[in-house]
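Listed below, chain by chain, are the residues.
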Amino acid sequence: MLSAMSLFSVAGKTVVVTGGSRGIGRMIASGFVDAGATVYISARKKDELDAAAAELGCVAVQADLSTADGVGALVEAVTARESRLDVLVNNAGATWGAPLADYPEHAFDKLWNINVKGVFYLTQRFLPLLRASASPENPARVINIGSVDGLRVPEVENYAYSAAKAGVHMMTRHLAHRLAAESITVNAIAPGPFESKMMAFALGDPALRSAIEGQVPLGRIGRPDDMAGAAIYLASRAGAYLTGAVIPVDGGISTHG
């Protein structure tokens, strides 16, 4: 019988977290480092990335995952040092808000490239390392970071973002169906409000913060251990029989429909 400690252990696993220098990606990367995993983080801004890697105790790889060259650079950097990849966390993303009448076409291009294409092609390129880790007893894991805004219509006008995150959720299911036979699970986490650059404009304003907390049935903003805990569950033995799921980590917001 597995103990609780071994059931949720990720010690010794090799993990890549994109967009890992701040926000939700940093929360996840920190959780894996603290749990004994070897962690690689990627981001576009070198100074911020290097500082985060030094603070967390992980490996930094600069990469712009909205481009094919950036995807290739991250895969090549990890492949040069590792013979397998146990966990890929596709977190890198962007948002865009604007009124309906003014919503620009280039917002859709930018968000599709990073939030959807980047996730798909990075997963595709990492398949050799994921396959090297995978076994029926201990599958390799892909964890995509979606959003509660991809589950229900948000209050804010972020049309491209919510559409792209809904696309991430469906792509998660599609990849899960295809890769299950290869012992690779693919799941998504759909976060609600967490402290991040995307949410800073709202959470930094006391009145807006209070209003957002009032919309969350559990009455608070998400904490780092809420996000790290969900990712570690999906990456551990405890989550080995789960694939194709989209898990809302949102304090109950998605119950509003």
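Everything below is about the structure printed above this text.
Being a predicted model, the structure only gives us computed values, none of them experimental.

Draft legend 1. Region of interest: the packing of aromatic side chains. Inspection of the entire model under this criterion finds three aromatic pairs. Judged by centre distance (5.3 Å) and plane angle (90°), the rings of Tyr103 and Tyr159 are edge-to-face. Here Tyr159 lies in helix α6 (residues 159-179) and Tyr103 lies in the loop between β4 (87-90) and α5 (105-133), a separation of 56 residues in the sequence. Residue class for Tyr103 comes out buried when judged on its relative accessible area of 13%. Of the residues examined, Tyr159 reaches a relative accessible area of 31% and is grouped as partly exposed. Ring geometry for Phe120 versus Tyr121: centroids 4.9 Å apart, planes at 90°, classification edge-to-face. The rings of Tyr103, Phe108 and Tyr159 are connected pair by pair, giving a single aromatic cluster.

Draft legend 2. Region of the structure containing the sheet that holds strand β6 (residues 184-191). In spatial order, the strands read β3-β2-β1-β4-β5-β6-β7; together these seven strands make up an open sheet with parallel pairing. Of all strands in the sheet, those with a lone pairing partner are β3 (59-62) and β7 (246-249), marking the two edges. With direction set aside, neighbouring strand axes in the sheet form an average angle of 20°. Here strand β2 (residues 38-43) pairs with β3 via four bridges, running parallel. Opposite Ala43, over in β3, you have Gln62 as the bridge partner.

Draft legend 3. Broad picture of the pattern of salt bridges. With the rule as written, the count across this model stands at 10 salt bridges. A salt bridge links Lys46 to Asp50, with the nearest nitrogen and oxygen atoms 2.9 Å apart. Note that Lys46 and Asp50 are positioned in helix α3 (residues 46-56) at a spacing of four residues, about one turn of the helix. For Lys46, a relative accessible area of 44% gives the class partly exposed. Residue class for Asp50 comes out partly exposed when judged on its relative accessible area of 33%. Note that Arg152 and Asp149 form a salt bridge whose closest N and O atoms lie 2.8 Å from each other. For Arg152, a relative accessible area of 17% corresponds to the buried category. Through salt bridges with shared partners, a single ionic network connects Arg131, Arg178 and Glu182.

Draft legend 4. Region of the structure containing a nonpolar patch on the surface. Among the surface-exposed residues, Leu100, Phe108 and Tyr159 lie close enough to one another that they form a single nonpolar patch of about 300 Å² accessible area. Within the fold, Leu100 resides in the loop between β4 and α5.

Draft legend 5. The arrangement of the nonpolar core in detail. Of all hydrophobic cores here, the largest spans 39 residues; its most connected members are Val16, Leu65, Leu74, Leu122, Phe126, Leu130 and Ile184. Elements represented by at least two residues in this core include exactly β3, α4 (68-79), α5, β5 (140-145), α6 and β6. Ranked by the residues each element gives to this core, the list is headed by α5, at 10 residues. Once residues within four sequence positions are removed from consideration, Ile184 is found in contact with Leu127, Leu130, Arg131, Ala134, Pro139, Ala140, Val142, Leu179 and Thr243. By size, the runner-up hydrophobic cluster in this structure holds 31 residues, among which are Val10, Ala52, Phe194 and Ile232.

Draft legend 6. Highlighting helix α2 (residues 23-34). For α2, built from 12 residues, the straight-helix expectation of 16 Å at 1.5 Å per residue is met to within 8% by its first-to-last C-alpha distance of 17 Å. Within α2, nine of the 12 residues are buried, which leaves the element mostly enclosed by the surrounding structure. Those residues of α2 that sit buried are Gly23, Ile24, Gly25, Met27, Ile28, Ala29, Gly31, Phe32 and Val33. Count one or two residues on from α2 and you reach Gly36, which has phi positive near 95°.

Draft legend 7. Unusual backbone geometry, seen in detail. Look at Ser183: it is not a glycine, yet its phi comes out positive at around 60°. With respect to the helices, strands and loops of the structure, Ser183 is situated in the loop between α6 and β6. For Ser183, a relative accessible area of 15% translates into the label buried.

Analysis parameters
- Positions within a chain are numbered from 1, following the residues in the order the chain's sequence is written.
- Where totals are concerned, whole chains, interfaces and linings use all residues; where local detail is concerned, this predicted model gives features only for residues with pLDDT of at least 70, and gives and counts side-chain atom pairs only at 80 or more.
- For side-chain calculations, the full set of non-hydrogen atoms in the structure is used, while hydrogens and water are omitted.
- Any Phe, Tyr or Trp ring, taking Trp's six-membered ring, that has another such ring centre within 6.5 Å forms a pair; planes under 30 degrees apart are called stacked, those over 60 apart edge-to-face, and the others tilted.
- Each helix is a run of DSSP H or I of at least 4 residues and each strand a run of E of at least 2, with the numbering of both proceeding from the N terminus.
- In this scheme, a residue with accessible area under 20% of its type's maximum is buried, one over 50% is exposed, and one in between is partly exposed, where area comes from a 1.4 Å probe on protein chains only.
- Any two strands are treated as partners once DSSP identifies two or more bridges connecting them.
- Each axis is a line fitted through C-alpha atoms, taken for helices only over the stretch in contact, and angles between the N-to-C directions span 0 to 180 degrees.
- The salt bridge criterion pairs a side-chain nitrogen of Lys or Arg with a carboxyl oxygen of Asp or Glu, the two atoms within 4 Å.
- Within the patch definition used here, like charges are joined within 9 Å and nonpolar side chains (Val, Leu, Ile, Met, Phe, Trp, Tyr) within 5 Å, considering only residues with over 30% relative accessible area and no salt bridge.
- For accessible areas, the Shrake-Rupley method is used with a probe of radius 1.4 Å. Any residue's cover is judged against the shown protein chains and nothing else.
- Take the buried Ala, Val, Leu, Ile, Met, Phe, Trp, Tyr and Cys residues and link them wherever side-chain atoms come within 4.5 Å; each set so joined is a nonpolar core.
- Throughout, a residue-residue contact means that at least one pair of heavy atoms, one from each residue, lies within 4.5 Å.
- Multiply 1.5 Å by the residue count of a helix minus one, and that product is the helix's expected span.

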